Amino acid sequence: MWRNVGAVILGLIVGMVVNMLILQVNSLVFPLPEGVDPTDYDALKAAMSTQPALAWVGVIAAHLGQAFVGGWVAARTGASRPVLLALIVGVLSLAGGVANAVLLSTPAWTWIEMPLYLVVAWLAGKQVERSRAGAGS
């Protein structure tokens, strides 16, 4: 059990690192306006409303990357039930995504990504499950 708990925690950490790396690259392509403090939610919210729609593609990639990679790491390092471990990471990533979307008042169309957190986490878990089944035969 403790190995599975540690796997979920590790998956969350690795997933968050992936998220931050993709967001950093995205901010190089679509920088925030000069002087915006990214730790000030009101300023960030106002600045993000001026970003082009294409900038949101990187944000969505970061979120889905977090759920997939984090889910894969949890599934791969856990002792059992890889799909469940990946889905736990997906659910926790989804909770963070919903909280951020509410806090930042993201465009309505970005809510389309929310169920995809669970889909990509599930795919990551299934991939690990299949590779374990293939290794055992």
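Throughout what follows, the structure given in this document is the object of discussion. (Residues numbered from 1 in each chain as written. Predicted model: local features only at pLDDT ≥ 70, side-chain atom pairs only at ≥ 80, totals over all residues. Heavy atoms only, no water.)

## So, the environment of Met16
For step 1, the next point in the chain: Position of Met16 among the secondary structure elements: in helix α1 (residues 2-29).
For step 2, the next point in the chain: For Met16, a relative accessible area of 41% translates into the label partly exposed. (Helix = DSSP H or I, 4+ residues; strand = E, 2+ residues; numbered from the N terminus. Buried < 20%, exposed > 50% of the residue type's maximum accessible area, 1.4 Å probe, protein only.)

## Notes on the nonpolar core
For step 1, the next point in the chain: Core analysis: the largest hydrophobic core is formed by eight residues, namely Ile60, Leu64, Ala67, Leu94, Ala101, Met114, Tyr117 and Val120.
For step 2, the next point in the chain: Going through the elements one at a time, α3 (53-77), α4 (82-104) and α5 (114-136) are the ones with two or more residues in this core.
For step 3, the next point in the chain: Discounting chain neighbours no more than four positions away, the residues touching Leu64 are Glu113, Leu116, Tyr117 and Val120. (Core = buried A, V, L, I, M, F, W, Y, C linked by side-chain atoms within 4.5 Å. Contact = heavy atoms within 4.5 Å.)

## Brief notes about the packing of α1 against α4
How two helices pack is summed up by the angle between their axes together with the distance between the axes.
For step 1, the next point in the chain: The interhelical angle for the contact between α1 and α4, taken along N-to-C directions, is 45 degrees, at an axis separation of 9 Å. Between α1 and α4, the interaxial angle falls into the category oblique. As for how α1 packs across α4, the hand of that crossing is right-handed. Residues Asn4, Ala7, Val8, Gly11 and Leu12 of α1 pack against Leu85, Ile88, Val89, Leu92 and Ser93 of α4.
For step 2, the next point in the chain: Here the residues of the contact of α1 with α4 are counted per class, giving seven nonpolar, three polar and no charged. (Axes fitted to C-alpha atoms, helices over the stretch in contact; angles between N-to-C directions. Parallel < 35°, antiparallel > 145°, perpendicular 65-115°, else oblique. Left-handed = near helix turned anticlockwise from the far one by under 90°. Nonpolar A, V, L, I, M, F, W, Y, C, P; charged D, E, K, R; others polar.)

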